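Examination of the molecular architecture
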Amino acid sequence: MELLNHLKIGNLLPKWPIIQGGMGIGISLSSLAGAVAKEGGIGIISGVQIGYREEDFLKNNLEANKRALRAEIRKARDIAPEGIIGVNLLAAMTAYDELIKTAVEEGIDLIVTGAGLPLELPEMVKGTKTKIAPVVSSGKAAKLISKVYDKKFGIPADLFIVEGPMAGGHLGFKKEVMESGSYLDLKDILKEVLEELKPFEEKYQVKIPVVVAGGIYDGKDIAEYLKLGAAGVQMGTRFVATEECDADLEFKMAYVNAEKEDIRLVNSPVGMPGRAIRNTFTDKLDAGRIPVRRCYNCLIPCDPKTTPYCISDALMHSAGGEEGLIFAGANAYKVSEIVSVKNLMTELVEDTKKYLAVGNI
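Criteria and thresholds
Residues numbered from 1 in each chain as written. Predicted model: local features only at pLDDT ≥ 70, side-chain atom pairs only at ≥ 80, totals over all residues. Heavy atoms only, no water. Core = buried A, V, L, I, M, F, W, Y, C linked by side-chain atoms within 4.5 Å. Buried < 20%, exposed > 50% of the residue type's maximum accessible area, 1.4 Å probe, protein only. Helix = DSSP H or I, 4+ residues; strand = E, 2+ residues; numbered from the N terminus. Contact = heavy atoms within 4.5 Å. Axes fitted to C-alpha atoms, helices over the stretch in contact; angles between N-to-C directions. Parallel < 35°, antiparallel > 145°, perpendicular 65-115°, else oblique. Left-handed = near helix turned anticlockwise from the far one by under 90°. Nonpolar A, V, L, I, M, F, W, Y, C, P; charged D, E, K, R; others polar. Pairing = 2+ DSSP bridges. Right-handed = clockwise from strand over helix to strand, strands pointing away. Phe/Tyr/Trp six-rings, centres within 6.5 Å; stacked < 30°, edge-to-face > 60°.

Turning to the nonpolar core, a few remarks are in order. If you look at the biggest cluster of nonpolar residues, it comprises 110 residues, and the most contacted ones within it are Ile 18, Ile 45, Val 87, Phe 160, Phe 239, Tyr 255 and Leu 325. The dominant element in this core, judged by the number of residues it contributes, is helix H7 (residues 186-204), at 7 residues. If we skip the residues at most four places from it in the chain, Phe 160 touches Pro 134, Val 136, Ala 142, Ile 145, Ser 146, Leu 197, Ile 208, Pro 209, Val 210 and Val 211. The next biggest cluster of nonpolar side chains, apart from the first, holds 16 residues, and it includes Ile 9, Ile 19, Leu 110 and Ala 213.

In this section: the packing of helix H5 (residues 139-153) against H7. Their axes nearest at 7 Å, the elements H5 and H7 cross at an angle of 20 degrees. For the element pair H5 / H7, the angle class is roughly parallel. As for how H5 packs across H7, the hand of that crossing is right-handed. On H7, the residues touching Gly 139, Lys 140, Ala 142, Lys 143, Ser 146, Lys 147 and Asp 150 of H5 are Glu 192, Val 193, Glu 196, Leu 197, Phe 200, Lys 203 and Tyr 204. Along the lines of polarity and charge, the residues of the contact of H5 with H7 split into 5 nonpolar, 2 polar and 7 charged.

Let us now look at the pairing of strand S4 (residues 110-113). Of the two faces of S4, both are covered, the one formed by Leu 110 and Val 112 as well as the one formed by Ile 111 and Thr 113. Strand direction decides the pairing type here: strand S3 (residues 84-88) and S4, joined by 3 bridges, are parallel. By the bridge assignment, Asn 88 is partnered in S4 with Val 112. A crossover connection joins S3 to the parallel S4 through helix H3 (residues 96-105); in handedness this β-α-β unit is right-handed. The sheet contact formed by S4 and strand S5 (residues 131-136) spans 4 bridges and is parallel. Its bridge partner lying in S5, Val 112 is registered against Ala 133.

Considering all chains together, one arrives at 3 aromatic pairs under this definition. When the centroid spacing of 5.5 Å and the interplanar angle of 85 degrees are considered together, the rings of Phe 281 and Tyr 309 count as edge-to-face. Taken as a pair, Phe 281 in helix H11 (residues 280-287) and Tyr 309 in the loop between H11 and helix H12 (311-319) lie far apart in primary sequence, 28 residues in all. Here Phe 281 and Tyr 309 have matching classes, each one buried.

None of the figures reported here should be taken as evidence of function without further support.
Rendered as structure tokens:
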């Protein structure tokens, strides 16, 4: 059963190789991240527009986000004093550097970064215990990041998260690739990334753990990827339908009530497609552009004059149970009830053990 406890990120040794995916805005905050960490997984707080409930959010966006990030990290620590807590911050965020600095000052264990290449991240955590985990969708991206870290900083990444085409939220694949189905399967991308990391593992005499994400739903999936060489999994969708998830009940029920045909691709202002649950908001998107009423200046590639809609508004509204964008993984339709994080983690671990004990899956 050694496969179940071999996720080692430097000195971070979670009991179980399960990372709860960061989901913003307001879906994975301290309640969810703390509960997952308490149960032996790694809990991730989404730092994207995290201060949206602060009184001065509109007038003083950066300070509101920094203040809220500190508060959520501290609350998660109160829930799981011995647990492992991370934050997810998008490289495309305009306040990326400032929020990284804030998280590091709070002693965060892990920083997960997608939506761009976090090429300067090692400099931002230098001299601290904070570990870094770039999110990639190809061996090519893992190799590029590793080469930069090697040449510029003389270190490897602490962890890579490989996100496949079945994930929810922003996807690292072009729209035409997703629509044509010409993408690589997550198993093949994992194989590619593991191969590209070998030279860096040899040079630094370390094992660089690779965690897979996107469409991982149950213990059978987890066991399958562990047997293929993954050090662990990252799961978002399963943790939405939990009592501790920070989203409104309406948001969670959208998962419970979704049918397979409701899970669809949407355009995203960051230039890549996303996956979400069909609702009145996505119907409006299909009908045409939703004009931006105010700009939060949150994403570097977003132009309020041409963007199809304001992603901050769309996600903030849905988190509060109003009409908005509900990101979800390809298997969200399989969710049938809301459970506790404790029960979900127990189910995932027991199922994984069962399938690992079977010679083949």
